[in-house]
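# A structural walkthrough
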Amino acid sequence: MFIFDVETLGKESNSVILSMAAIYFNPDEQPDHKKLFDEAFFVKFDVADQMKRHNRKVGKSTMEWWSKQCDNVRIKSFKPNPAIDVRFEDGYEAMRQWAKSKNDEKCYVWARGNLDQLVLDSFEEQLEIEPIWPFARWRDVRTAVDFLFNTTAGYVKVDTPPWMEKFDKELHITKHNPIDDCVLDAMMLMYGVKEKQVE
């Protein structure tokens, strides 16, 4: 299955996409967090190009939100970096080829909520390009976590098997780094701990 995450400059479907990441894994193989990190796909985009050529939008409140984030995530996605920033079309095609290389055309694509899918769909429609993943394959991680582990927050504690290095969310994850967000969701789906029923 795939897990997908984007960072944007707005909350609308036509927002600028700063970066996107995805991981592919087979839960039956019980991958650890290191394997997920190492095999993740990541691309960072040229923001000015999206605004100029595609008229993608920027939300004021989202810009303010980014100004309050830690330097690590701002460098990863928000701050321009001409050495790695690419046109959307080029990064998108790279992700398409990466996804295609997994040779799994029927698996689910998990995302946290629906904004990530909507923003990607919007760009695909705008550029009239075939989607990387068909609409019917998308699933919401938050809903899955809540149903599987009896929570209502979309998050759950992770307890990795004893033969695997212990996963520590505080140590291994920086929120809003798209790779980290994908890894955390995968770890919760595979190794989440069911919360006790409240009587």
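You'll find the structure just up there.
Described below are features of the structure shown in this document.

The rules behind these values
- Residues numbered from 1 in each chain as written.
- Predicted model: local features only at pLDDT ≥ 70, side-chain atom pairs only at ≥ 80, totals over all residues.
- Heavy atoms only, no water.
- Helix = DSSP H or I, 4+ residues; strand = E, 2+ residues; numbered from the N terminus.
- Buried < 20%, exposed > 50% of the residue type's maximum accessible area, 1.4 Å probe, protein only.
- Contact = heavy atoms within 4.5 Å.
- Areas by Shrake-Rupley, 256 points an atom, 1.4 Å probe, with all protein chains shown as cover.
- Lys, Arg positive; Asp, Glu negative; His and termini not counted.
- Charge placed at Lys NZ, Arg CZ, Asp CG, Glu CD.
- Pairing = 2+ DSSP bridges.
- Axes fitted to C-alpha atoms, helices over the stretch in contact; angles between N-to-C directions.
- Salt bridge = Lys/Arg side-chain N within 4 Å of Asp/Glu carboxyl O.
- Phe/Tyr/Trp six-rings, centres within 6.5 Å; stacked < 30°, edge-to-face > 60°.
- Lys NZ or Arg CZ within 6 Å of the ring centre and 35° of its normal.

A separate point is the overall build of the chain. Helix and strand counts for the chain stand at nine helices and five strands. Traced from its N-terminal end to its C-terminal end, the chain shows the element sequence β-β-α-β-α-α-α-α-β-α-β-α-α-α. Structurally, the chain occupies a C-alpha span of about 55 × 40 × 35 Å along its principal axes. Buried residues in the chain amount to 48% of all 199 residues. Taking all contacts inside the chain whose residues are at least 6 apart in sequence as the whole, residues at least 24 apart take part in 77%. Counting every atom, the chain has about 11,100 Å² of accessible surface; 50% of that belongs to carbon and sulfur. Each charge class in the chain was averaged separately, 28 positive and 35 negative side chains, and the resulting centres sit 3 Å apart.

Spatial ordering of the open sheet is given by β3-β2-β1-β4-β5, a layout of five strands whose pairing is mixed. What marks the edges here is a single partner per strand, and that holds for β3 (41-44) and β5 (138-140). When strand polarity is set aside, the average angle formed by the axes of neighbouring strands in this sheet is 25 degrees. Note: strand β2 (residues 17-24) against β3, four bridges, orientation antiparallel.

Attention shifts here to the pattern of salt bridges. What the rule picks out here adds up to nine salt bridges. Close ionic contact of Lys34 with Glu165 constitutes a salt bridge, the shortest N to O distance being 2.9 Å. Here Glu165 lies in the loop between α7 (141-149) and α8 (169-172) and Lys34 lies in helix α1 (residues 33-38), a separation of 131 residues in the sequence. For Lys34, a relative accessible area of 44% puts it in the partly exposed group. Take Glu165: its relative accessible area is 37%, and that puts it in the partly exposed class. In this structure, Arg87 and Asp90 form a salt bridge, with 3.2 Å as the shortest nitrogen-oxygen distance. Look at Asp90 and you get partly exposed, because its relative accessible area is 42%. One network of salt bridges, with partners in common, ties together Asp49, Arg53 and Glu89.

Here the focus is the packing of aromatic side chains. The full count for this structure, using the stated rule, is 13 aromatic pairs. Their ring planes at 65 degrees and their centres at 5.6 Å tell us that Phe2 and Trp98 sit as a pair that is edge-to-face. Placement of the pair is Phe2 in strand β1 (residues 2-8) and Trp98 in helix α5 (residues 88-101), with a sequence separation of 96 residues. Here the two residues Phe2 and Trp98 agree in accessibility, since each one is buried. Following the ring pairs from residue to residue traces out a cluster consisting of Phe2, Phe4, Tyr24, Phe41, Trp98, Trp133 and Trp138. The ring centre of Phe123 lies 4.0 Å from the NZ or CZ of Arg56, which sits over that ring. When the ring centre of Tyr155 is taken as origin, the NZ or CZ atom of Arg112, which lies over that ring, is 4.1 Å away.

Peptide bonds are, in most cases, trans, and in most cases residues other than glycine have a negative phi. Backbone geometry places Asn103, a non-glycine residue, at a positive phi of 55 degrees. Tracing the sequence through the fold places Asn103 in the loop between α5 and β4 (109-111). Located in the positive-phi region is Asn150, a residue other than glycine, with phi close to 60 degrees. Within the element layout of this structure, Asn150 appears in the loop between α7 and α8. Accessibility expressed as a relative area gives 27% for Asn150, which makes it partly exposed.

Read these as spatial facts, not as claims about activity.
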